[in-house]
Every structure is written in structure tokens, then in C-alpha cells.
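# A closer look at the structure
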Amino acid sequence: MTSTSDRISTKHGRSFLAGLLSLGMLVTAPHTANAAQVGVAAAVNSDAFGTPPGGARSTKVLGDNVIYNERIETSSSGLVQVLLVDGSTFTVGANSNLVIDEFVYDPDSGNGKLVASFSKGVARFVGGKLSKKRGGVTVKTRVGTIGIRGGIANFNLTGNSPVISLLFGKDLTFTSPSGKTSRVYKAGYTMEIGPNGNASVRKTTQSDLGAVQNGLTAGRQNGGIRTPPNDRQIANSGIPDVNSRLGRVTVTPKVKPSAVQSTQLSEGEEVLLQTQQITQGKNNEDLRPQVEEEDTAEAVTENARFLRAGTSFPDGSTSSGRDPGTQGIVAGYNEVVVFTQGATEEGSSYRLWSGVADNTNIYIFDTQTEATEYYTQTVNSDGDVIENYSTSSIPDAPSLDGTIVQNARGMRITDEDFGFYTHFIATQAGSDPTFNYGGTDYFYGLYGNATDFSSYGSSSDPRQLKVYTLYGDALTAFQLASEDNFGQLKPATSLALFLNPAVAADLGTSFLSSVGSTGLQILEQSPDTLENAKYLASSFHISGTQGDQKSFVSLSLGQVRNVDGTLQLSGERHGGHRTLATNTAGLYGGPVESLEGANGGTFFGNNANNLVLSVGNLENGSVFTDGYAQVPSGISSTDQLSGTMHAAKLTGETAVSSLDRQSVTFSGYSAGVLEASTNYNPQRGSYVGPVVLRSSEVGDFSIEFNSTHETVSANLKVFDVTESDGDVSSYTLGFGDASGSPGTGNSIYVDGDTFAARASGNNADTYLTTDSNMTIQQKSGTSAQSYLIPNDLVSGADNALFQTVSKCDCEFMEWGYWGAKLEFDDTNLSQEERFDTVHLGTWIAGNVTNSADLPYTGTATYSGHAVGSVVNNGAQYLASGDFNMEVYFSDRAGTATISNFDNRTFSANVSETTVSSGNMFVGTLSGGATGTLNTSIVTGPNSNHEGVIGNFNAVDGNWSATGIVAGELD
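Residues numbered from 1 in each chain as written. Predicted model: local features only at pLDDT ≥ 70, side-chain atom pairs only at ≥ 80, totals over all residues. Heavy atoms only, no water.

## Overview of the overall build of the protein chain
We count it as follows: Counting from the N terminus, the helices are the DSSP runs of H or I reaching at least four residues and the strands are the DSSP runs of E reaching at least two. Burial classification: accessible surface area is computed with a 1.4 Å probe over protein chains only, and a residue below 20% of its type maximum counts as buried, one above 50% as exposed, and the rest as partly exposed. Contacts are residue-level and defined by heavy atoms, with any inter-residue pair within 4.5 Å sufficient. Here, Shrake-Rupley sampling with a 1.4 Å probe gives the accessible areas, and only protein chains in the shown set may cover a residue.
Helix and strand counts for the protein chain come out as 7 helices and 62 strands. Within the protein chain, buried positions represent 57% of all 970 residues. In the protein chain, once contacts between residues fewer than 6 apart in sequence are set aside, the share between residues at least 24 apart is 64%. Looking at the protein chain as shown, the accessible area adds up to about 38000 Å², and 44% of this sits on carbon and sulfur atoms.

Here it is, written out as C-alpha cells:
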């Protein structure tokens, strides 16, 4: 909502423009024979120059006209601001160059076009009237063409990789010289242009903002005097006395808005919904009053889907612990309802919708523009409604005269033609209302205009990778909210996806605030529809070391499918967590879907701009599930059931043709720790506990990347190398899509850093082999809930492991993490039923060189890291260490050391052993632990022995570990 002071500023700006518009008429600069004025120099210093077409270069001064095709230049300390007739401004920093190539503007209609060339330096563009229209503003640069709609953008062309940031507005597009187009839809995101002209979309950093801000701060801005006054001189000058002694900086106080009466709804009228907007980038809390409906106003209604917190779990059971609603489970009330719009106050940017859902009055303010905010409402017996709202904190309840009959608070995420909110009704209304954020006291609401896919795109358009911001679960944010040092209630915001709210509480707010996410990435398979598009959504974080370590990874993969004529994102939830090193891990299951709106459709906006991800098959009572080999103390069976909601906003698009990927097959190694229900069962007569697993030789792990089908397929085999489990010899797992198939959503291959796979669609690819060499298939009716991701899928997620260890760059190989949840039921097992899990196992792969192709003379030295799982007196955690290896090719032997791995160092003399394919150097570990090290030399871009990969297992009393190693040539 625009504050009074903002409005005054806007009016002043319009007055100034009125002076410019007194030029009088349609400005058509490129079509006039003589030089035409398009604007003025609104700010300037003595190191800015202008060169008109065919004229001489001269110093620009304040108020100078700027004409069509005039070249504006600045020196190393120069600065100039060009104010154009439509209200657009270019602020140009030092060593910069700007030309207004084309300017057509009709003040009456607001139509026209602005084309500028900006060839070097830094600049900020603030859009005027022309930027409100698509295609109205184009800026040509040396690396490509930029389009800006309704916004503010920074340009930094000073480096080898130009950076363009959207600070405010609708969208920003970049078209490379080859015609590839990328787009950013959300403020706070940046396009960085690589040497090949391809744009990558990422979040804007403080460094991005600071570089431009510094460039727009001229070193010689001193007000025209030789020596600027200091603070003491100003204090003694008498200026404060005529300025109410406010000093040099003051803030105009806000005008308090008044509350007015709401529309009265007759009993039995049905419901409202949508959502309101806040000025982009705003953090301060404001008061929003309701508007008064005129008697002559015609009622406007709109449909919305409304869901209420559940009263029972899917199987009808109840829990003495947490309520279903507290777990995020919705069941029972799931209706399409009608919302009634109140009148809009003249000049106001918001509307009020009101109605009744499940016998509960609901009031929502809405502007149908982009906003993410928290609000608290107060309603009195006269029907007056007033609301506080904020983008950063949960506001206190606003005061209101009369008897207070209802309070509500919540979070809303809105966009043009879209609104999603989590709405909590106070259990006790009043000036200090009571909320419990659970039970049946909250609703989810979804409004949106469904995407019309008949006009979505054209077969002539390039395919796009669509990238969305995914917001954390609002229920969890409210449940874990806490007061800051100033007494403000701060929501526990997090990027954690599909996380059981009960588990979120165990992980804690500090952990949750550090979780990173890929957001939602949708890879189009056709440029004119989203049907069959593949998607990826993941979040990941590891904190702490040894006994203090916590970990969480979630992954959802699938496709956009046509379900009875509606395109719906559909996939599965995979991943796992460990809340304490002494607890077994919880591994994930459950369906994920995009939530359907009241009027049909699960994508909203003209370009599939918005959607909401939730538990799939809500109508059938589906939930997310957490499975444990041994359920930790205090967790009931119903505590393992949950649901979450995640709204998504489109933030950028990248042409698929610009993605960096290749078709290749790598082989390598894997490792992990098994937690089996049978190994925690006292009936066995012994407590086996966790069991270390690793592959035995190179090729027990392989991974294939298919750039044509954009798929990944992998096969993994690990052995019980210490023979601790009475039944298991090995596990074989299949991941992803079948080789050479177009894929069914079991994997996605975006680029070399962004790929993932879940269990293959063929259950026979995953099985257990017993000590007697018998194959045991998975339990009938179940499928492997497994996952495989690269270590850098979520940037920085595993940084806690590498605080004192340098992670190997090793760009010519791949490594990462895997996990699985498996069930077996077979009379050939010593205990007929098994529930087996692996959480954050490790894998590594590369182009393993054939032994015959390795050098026969010389020496190679490698350095890198080791990373893997530790079992320490029953506690489990991940650790890392340094890895070094030296190979003597003439001897086909060498030495290797893993140092500072969980405070242990162990070494091995390795020698080559014969394998069917590739090469393999094996040794026995000694020193801080005993065990085995397997390694293989891999080919890199510069030689066929550029790197080394491998795995290890080590034992020292009640301490054991298993993991992978990676190194590259020194």
C-alpha cells in the first residue's frame, strides 16, 4: 500500500514532468528531420559530456536538453541522470556510454517506444509510462538486447560477465546475438551473461547491488564547493535552528489511516477469497483499513477453493499427541466457495473480499499484484474489519472500537490473477487474541485464473527451463515463530520442502533458516505446452559435526501430466532426515501434486506463472509418510504422517538450447550405512545396529546422462563388507529412467550441476541378495523410495562438512548423495519382514581410463577430499577429510592417505588389480583405523590420468566409517 509520503513524492514527480510535457505534443524523435528533444539532464556533474548527431562534444550541465541520437558519456568520475519525457530515467555512472536511439511517445494515450544503446559502464533504469507496456523499453548492449517491463533495473557491463538485475517490476528479458531468450519475472533476481552469450538466472547478491551503487556514486559530488562542511560546521551554522533542530536526516511521520465500516453480509452468504498487495521490497508494518461499499455498488463474486485443517488421520485413527491439523493434514472440508467483493475506495490499490467458509467468516484484502506478507485482523460486532500487515514479521492485532468478535492472522502469497493464503482463526478473540496454529483453526485458500494452454506458446518458440521460487510451509513458519529482541513475532521462514512440521520442530529454527533449495524447475518438452514437462524440486542442508550433526534432504521429481483434460504436476516425495546423531533416520514417501483451483486448472497466469504444490490425492486422504528402521522415542505412528503447502512464483526462464550438458556414461563407486528393522530387534538376541556398506569394485556404480532425452539412469551395488547383517550380502538399486527412453519423470537432467533421479519404474531393478546368494525382491505392493542427487544440487548444502577440508573441484567427475527406503517380506529371510533404510550415502563416478591406456612411466600426485558416513558407538553422522595419493605408473602401485577424517588419519599402499573394465588400485588401510581403499584413475580434459576416484571402509573398535574419495592432478 502506498504511504501518504510516497504519494506526495509521486505528485511532485508528476508536476515536474508536467513542465516537460509542456513541450506540448507527441514526441516522435526518430521520425523528425531535425534534432528532437526527448528529455533533460536532471542530475549531472562536470565530468559528463554530450555529443549530438553531427555536433561537437560538450560538457553537460543541469537542465540541458537531451536529444534523439545524442551520445551521453562520462569520465572516470562522471555521473549523469537523463529524465525522459515519459518519466523514464537513466542514471549513468562513471566510464559509461548511453545513446537514445529511438523515442516515440504520445502523452494522451501513453503509447510509444523507447530504444537505447548502453555500451559500457554501469547504469540504473527506472521505468516511466512506456515501460508499463510489453515491448515498450529496449536497451541494446554489447552482449545482447534487454527488455524491461514496469520496472527498475541495474546494468553492470564492467566485467567479463555482464550482470543485469531486476530491482522492481514485471519482467526483464535478455536476447543474445544468437536469438536465445531468457526472462526474469521476479524482483531480486539477476541474469549473468557468460562469455558465450548465454544467460544464467540467479538471486541478486549484495555484491551485485553494491557494484552498481558504487558506480553511481560520483567521487566529485561536493555541491560545487572546494571543501564540503563537516558535522561541527553544520551544527554551528544556524541551519538546525531553522530546521526544528532535526539535523540533516529526518523521516516524515506516517499519517494514520482510519477504519471504516465493512460490507454487511446476510446470513448464509458464501465465501470470499483472494489476496492483497504490498509495495515491492517493503519491510515496514502498515495498517490497512477496510473500505466502505456504496449502496449502489454491484456485487462482484469469485470462486475459490477452500480447505480446512483435518480432524482425523487417513485411517481414521486419532493420536494422543499432535492433532492432524498440527501435522498439516487437511481432510473433510474441501470446497469450492463463492467470495463477494466489496467496493473499492477511489484511488485505493486494494479490494476487500468477504464471505463464509465452513461457518466461519473470512476477510481478505487483495490487489491482484505480487506480494508476500503476514497479516493480523480484528473484526467487531458492527462488521468493521481492520488489518495490520508486514512482509517480515507477524503483526499484533490492531485495535478497533466496539466488541471484538473475531481475530485472524495468516500469510498470503499473491500475484496477478493468483492468490494463496494460510488463514488462522483465533481460538479466543479480543484485543489480545489467542492462536494455536493447529487443530481445525486454520484454512488454506486458493484463487487463480487458470492458464489458457491453447495460447500458451508456439511451436516456433524455443523450449524453456522455467524456474520458480518455492515458498516454505506457512503452517510451520507460524508454529515455530518466536519474538525477536524488539518484541516482534518473527515467523520461522525456511526453504525446506515437504518437511513434516513435527520434524521441523525437532530440527529447530536455526537449522531451518539455513536450508537451501533449488526452487521448482520445470523443463519443457514442447514449447507450446507444459504437457510431459519434467520437474525438479529439492532442498538440502547439513549442520554441525559428529554428535551435534543434523541433516535433511528432500527431493520431488515427476512430470506435468494431462489428467482428464487438466495439466497437473504429479510426482513423488523422497529424501530423509536425522534430527539427532543417536536417532535412526526418517526416510520419505508420499505423492506430490499441483493443487487444482476453484475454476479448474493447476497453473495460473498467462504464462503458468503460479501454482501450489501439496500432498497429492487430497480427496482420497493421501499424506506424506516418514519411515524409520527404529522409531525414535516420543514419535507415534500418526506423528509420521504429514502434509505441507508450497506456493510457487515464476522467477525466470532460460532457453533449453543454452543449457550445458552432454551424453556420457561414467562408472565408479558408492558407500552408505544400512539401518534395518531386524538389526534393532532384541528378539535376534543381539543388537547389530547400523551396518556399513560399500561397493567392491569399479563399475558397481554407474551413471548415464542422456542429453537428448534429458534423463539420468544409474545402477548401484553395495556390500555388507564387515558381514555384520545376518541376511544381507548386497543390495542392488536402480535409479532414474531406462537408457534411451524419453523418460517418465523418474529423473531429470538440466545441466552438469542440476540433475537427480529417484527409483526406476521397474521394481525388479532393486533387490536384496542374501549370504546364500538368493535374490529377494521388494515386498509386493511397495516400491523403493530412493533418491540420487549431485553434491552441489543445492549450493552450499554440505558446507558444514568442509569447514577445515578443501572440497575437490574435480569438474570432470561427478559425486553426490543417495538414500533409500526398502521393504522385504520373504520366508527365506531369518526374520520374514525387513524395513531397510540408507540416509545420505555417497557415490562418485568418472570416465575411468582403461588400464592399458595409462602411462607406463612417470609419477602422478593427486589431492582432494574424502567424505562419508561414520558410525560411532551407535551414533551416525557424516564427516570429511583430506585425500592424497601418489601413483608410480612403472610399478603400477602407489600410496594413499586419508587425513583428519573425524579426527583420524589412515593410509594404504595400493597396487593395481585386474578388473574387467577400466583400472583399479587397491590397498589395506592402517594407522588410525583398518580397512580397505579402492581407487581408479580417471580421464579429464587434459590427460587420461587427470583424476582419481574411489571408496573406503575403515574400522577402529566401536568406530567405523565408509565413504568415497576424489582427487585431481596437482
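## Details of a negative patch on the surface
We apply this condition: Grouping into patches uses exposed residues only, defined as over 30% relative accessible area, and leaves out salt-bridged ones; the cut-off is 9 Å for like charges and 5 Å for nonpolar side chains (Val, Leu, Ile, Met, Phe, Trp, Tyr). Salt bridge criterion: a side-chain nitrogen from Lys or Arg within 4 Å of a carboxyl oxygen from Asp or Glu. Positive residues here are Lys and Arg, negative ones are Asp and Glu, while His and the chain termini are left out of the count. Every charge is mapped onto a representative atom, which is NZ of Lys, CZ of Arg, CG of Asp or CD of Glu.
On the surface, Asp660, Asp753, Asp792, Asp809 and Glu811 cluster together to form a negatively charged patch. Relative to the assigned elements, Glu811 resides in the loop between strand S52 (787-790) and strand S53 (814-825). Classification of Glu811 by relative accessible area gives exposed; the value is 73%.

## Remarks on the environment of Phe552
As for its position among the elements, Phe552 is in strand S35 (residues 550-563). For Phe552, a relative accessible area of 0% puts it in the buried group.

## Let's talk about the state of the cysteines
The criterion, for reference: To count as a disulfide, a pair of cysteine sulfur atoms needs to be within 2.5 Å.
If you walk through the whole model with that rule in mind, you get 1 disulfide. Here Cys808 engages in a disulfide with Cys810; their sulfurs sit 1.6 Å apart. On the sign convention where negative means left-handed, the S-S torsion of about 80 degrees between Cys808 and Cys810 marks this disulfide as right-handed. By the burial criterion, Cys808 is buried, and Cys810 matches it.

## Observations concerning the pairing of strand S7 (residues 80-84)
Convention followed: Whether two strands pair depends on DSSP finding at least two bridges between them.
Among the 5 residues that make up S7, 4 are buried, leaving the element largely enclosed by the rest of the structure. Here 4 bridges tie S7 to strand S8 (residues 89-92), and the two strands are oriented antiparallel to one another. When the bridges of S8 are listed, Val82 appears paired with Phe90. Between the antiparallel neighbours S7 and S8 lie 4 residues, among them Gly87 with a positive phi of about 100 degrees.

## Topic: the packing of aromatic side chains
Here is the rule we go by: Any two of the Phe, Tyr and Trp rings considered here, Trp counted by its six-membered ring, make a pair once their centres fall within 6.5 Å; the pair's planes then place it as stacked at under 30 degrees, edge-to-face at over 60, or tilted in between. Each ring is checked for a lysine NZ or an arginine CZ that lies within 6 Å of its centre and within 35 degrees of its normal; such an atom marks a charge sitting over the ring.
Tallying each qualifying case throughout the model produces 31 aromatic pairs. Relative to Phe478, the ring of Tyr437 has its centre 5.4 Å away and its plane inclined at 50 degrees; by these criteria the two rings are tilted. Of this pair, Tyr437 sits in the loop between strand S28 (418-425) and strand S29 (442-448) while Phe478 is found in helix H5 (residues 474-479), placing the two residues 41 residues apart along the sequence. Phe478 carries the same exposure label as Tyr437, and that label is buried. The rings of Tyr374, Phe420, Phe424, Phe435, Tyr437, Tyr442, Tyr444 and Phe478 are connected pair by pair, giving a single aromatic cluster. A cation over a ring is seen here: Arg892 above Tyr856, with NZ or CZ 4.1 Å from the ring centre.

## Regarding unusual backbone geometry
Even without glycine at this site, Asp358 takes up a positive phi of about 50 degrees. By the element assignment, Asp358 lies in the loop between strand S23 (351-357) and strand S24 (360-366). With relative accessibility at 30%, the residue Asp358 sits in the partly exposed group. Even without being glycine, Leu840 reaches a positive phi, approximately 55 degrees. Position of Leu840 among the secondary structure elements: in strand S54 (residues 833-846). For Leu840, a relative accessible area of 0% gives the class buried.

## Topic: the pattern of salt bridges
Taken as a whole and assessed by the stated rule, the structure comprises 19 salt bridges. A salt bridge links Lys466 to Glu653; its shortest N-O distance comes to 2.7 Å. Within this pair, whereas Lys466 is found in strand S30 (residues 464-470), its partner Glu653 is found in strand S42 (residues 646-655), the two being separated by 187 residues in sequence. Glu653 sits in the buried class, given a relative accessible area of 5%. For Asp836, the salt bridge identified is with Arg834, shortest N-O distance 3.0 Å. Here Arg834 falls in the buried class, since its relative accessible area comes to 3%. Linked through salt bridges whose partners overlap, the residues forming this network are Asp725, Asp727, Arg834 and Asp836.

## Quick word on the nonpolar core
Here is the rule we go by: We call a set of buried Ala, Val, Leu, Ile, Met, Phe, Trp, Tyr and Cys residues a nonpolar core when their side-chain atoms join them within 4.5 Å.
Residues Leu520, Ile522, Leu530, Leu569 and Phe603 are the most contacted members of the largest nonpolar core, which totals 51 residues. In terms of residue count, strand S39 (residues 610-615) provides more of this core than any other element does, 4 residues in total. Those residues in contact with Leu569 that lie beyond four places of it in its chain are Leu520, Ile522, Tyr535, Gln559, Val560, Val592, Glu593, Ser594, Thr602, Phe603, Leu611 and Leu613. Grouped together as the second largest cluster of nonpolar side chains are 43 residues, Leu523, Leu555, Leu659 and Ile949 included.

## Looking at helix H2 (residues 206-215)
For clarity, the cut-off: Working definition: the arc comes from the directions between the helix axis and the C-beta atoms, pointing outward to the latter.
Those residues of H2 that fall on the buried side of the exposure criterion are Asp208, Val212 and Gly215. In a view along the axis of H2, the buried residues occupy a sector of 60 degrees, so they form one face of it. In H2, the exposed residues that point more than 90 degrees away from the buried face are Gln206, Ser207 and Asn214. Packing partners of the buried residues in H2 comprise strand S11 (122-126), strand S14 (152-156), strand S15 (163-168), strand S18 (189-193) and strand S19 (199-203).

## Some points on the environment of Asn944
Going by this rule: In the analysis that follows, any N or O atom pair within 3.5 Å is treated as a polar contact, provided that within protein one partner can donate a hydrogen and the other can accept it, and provided that, for residues neighboring in sequence, both atoms belong to side chains.
Structurally, the position occupied by Asn944 is in the loop between strand S60 (930-938) and strand S61 (947-956). C-alpha separation for the pair Asn944 and Leu854, spaced 90 residues apart in sequence, amounts to 7.0 Å. In this structure Asn944 touches Thr849, Asp853, Leu854, Pro855, Ile937, Val938 and Thr939, once residues within four positions along its chain are discounted. Here the side chain of Asn944 touches Asp853 through a polar contact of 2.6 Å, landing on its backbone oxygen. Here His945 takes part through its side chain, which lies 3.0 Å from a polar atom of the side chain of Asn944.

## Overview of the pairing of strand S33 (residues 516-523)
The side chains of a regular strand alternate, residue by residue, between the two faces of the sheet. Buried residues dominate S33, accounting for 7 of its 8 residues. The sheet contact formed by S30 and S33 spans 4 bridges and is antiparallel. Across the sheet, Tyr468 pairs through a bridge with Leu520, a residue of S33. Looking at chain direction, S33 and strand S34 (residues 534-543) are connected through 7 bridges and run antiparallel. Counterpart to Gln521 in the pairing with S34 is Leu536.

## Structural notes on the sheet that holds strand S56 (residues 875-888)
Threshold: Only C-alpha atoms enter the line fits that serve as axes; for helices the fit covers just the stretch in contact. Angles between N-to-C directions range over 0 to 180 degrees.
The 8 strands lie next to each other as S55-S56-S57-S58-S59-S60-S61-S62, forming a closed barrel whose pairing is antiparallel. For this sheet the average axis-to-axis angle between neighbouring strands, irrespective of direction, equals 25 degrees. As judged from the 7 bridges shared by S56 and strand S57 (residues 893-901), these two strands associate in the antiparallel manner. For Asp882, the partnering residue across the bridge sits in S57 and is Ser899.

## Concerning the side chain of Thr769
Positionally, Thr769 belongs in strand S50 (residues 767-770). With relative accessibility at 9%, the residue Thr769 sits in the buried group. Ignoring anything within four residues of it in the chain, the contact list for Thr769 reads Asp727, Val728, Ser729, Ser730, Met774 and Thr775.

## Considerations on the confidence of the model for the protein chain
The condition that has to hold: The score called pLDDT rates the predictor's confidence residue by residue, from a low of 0 to a high of 100.
For the protein chain, mean pLDDT is 84; residues scoring 70 or higher make up 83% of the total. Note that residues 220-226 has pLDDT below 50 and, in this model, 7 contacts with residues that lie over four places away or in other chains. A low-confidence stretch, residues 239-297 stays under pLDDT 50, and its non-local contacts, those more than four residues away or across chains, total 171 contacts.

## Looking at the environment of Ser75
Considering the arrangement of structural elements, one finds Ser75 in the loop between strand S6 (71-74) and S7. Taking the relative accessible area as the measure of exposure, Ser75 reaches 22% and is therefore partly exposed. Ser75 has contacts with Asp47, Phe49, Ala94 and Asn95, leaving out every residue within four places of it along the chain.

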